[in-house]
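The chain contents come next:
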Amino acid sequence: MSLIDADKVLNIVVAYCPDDDGSCSKAGADLREMLDEIEALPEIDAEPIKHGHWIVADDGVTRCSICYGASDYERCFCGDCGAKMDFCGAKMDFCGAKMDGGESE
């Protein structure tokens, strides 16, 4: 399966089907031409999103539930606002899991 940029697809479709109700009443609209443009879009690199959460391990260190990487960065880099980091090891060499409380399969 290949992945393409959905925003670029929508831009092409809107160019061919500009009606507010979603119909394609544009005079002379060539839907095959539209499909050819969509098929010609470059593929994008994408990886499955890993979902995890911060855990406090037995050793008292905050770790990622996916890679178990120790992180001093569970909280915002400023250290004052107390905001949780959204991703494992943001700006570090950890797994990049989205820290939204879910679990990856």
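Now for a quick tour of the structure.

Quick notes on the rules
Residues numbered from 1 in each chain as written. Predicted model: local features only at pLDDT ≥ 70, side-chain atom pairs only at ≥ 80, totals over all residues. Heavy atoms only, no water. Helix = DSSP H or I, 4+ residues; strand = E, 2+ residues; numbered from the N terminus. Buried < 20%, exposed > 50% of the residue type's maximum accessible area, 1.4 Å probe, protein only. Contact = heavy atoms within 4.5 Å. Areas by Shrake-Rupley, 256 points an atom, 1.4 Å probe, with all protein chains shown as cover. Axes fitted to C-alpha atoms, helices over the stretch in contact; angles between N-to-C directions. Parallel < 35°, antiparallel > 145°, perpendicular 65-115°, else oblique. Left-handed = near helix turned anticlockwise from the far one by under 90°. Salt bridge = Lys/Arg side-chain N within 4 Å of Asp/Glu carboxyl O. Polar contact = N/O pair within 3.5 Å; in protein donor to acceptor, adjacent residues only side chain to side chain.

**Some words on the overall build of the protein chain**
- Counting its regular elements, the protein chain contains 2 helices and 2 strands.
- Going from the N terminus to the C terminus, the protein chain shows its helices and strands as α-α-β-β.
- Going through the 105 residues of the protein chain one by one, you find that 20% of them count as buried.
- Taking contacts inside the protein chain between residues at least 6 apart in sequence as the whole, the part at least 24 apart equals 44%.
- Accessible surface for the protein chain amounts to roughly 7600 Å². Of this, 52% is attributable to carbon and sulfur atoms.

**Focus on the packing of helix α1 (residues 6–16) against helix α2 (residues 31–39)**
- Where α1 meets α2, the axes come as close as 10 Å, and the angle between the chain directions of the two elements is 165 degrees. Taken as axis vectors, α1 and α2 run roughly antiparallel relative to one another. You can see that α1 and α2 cross each other, and the crossing is right-handed. Residues Val-9, Ile-12, Val-13 and Tyr-16 of α1 form the contact with α2, whose own contacting residues are Glu-33, Met-34, Glu-37 and Ile-38.

**Observations concerning the pattern of salt bridges**
- One pass over the full model with this rule turns up 3 salt bridges.
- Close ionic contact of Arg-32 with Glu-39 constitutes a salt bridge, the shortest N to O distance being 3.3 Å.
- Judged by relative accessible area, Arg-32 falls into the partly exposed class, the value being 43%.
- For Asp-59, the salt bridge is made with Arg-63, and the minimal N-O distance between the two is 2.9 Å.

**Quick notes on the environment of Arg-63**
- On the secondary structure map, Arg-63 appears in strand β2 (residues 62–64).
- If near-sequence neighbours (up to four positions away) are discounted, Arg-63 is found in contact with His-53, Trp-54, Ile-55, Ala-57, Tyr-68, Gly-69 and Ala-70.
- For Arg-63, the side chain forms a polar contact with the main-chain oxygen of Tyr-68, separated by 3.0 Å.

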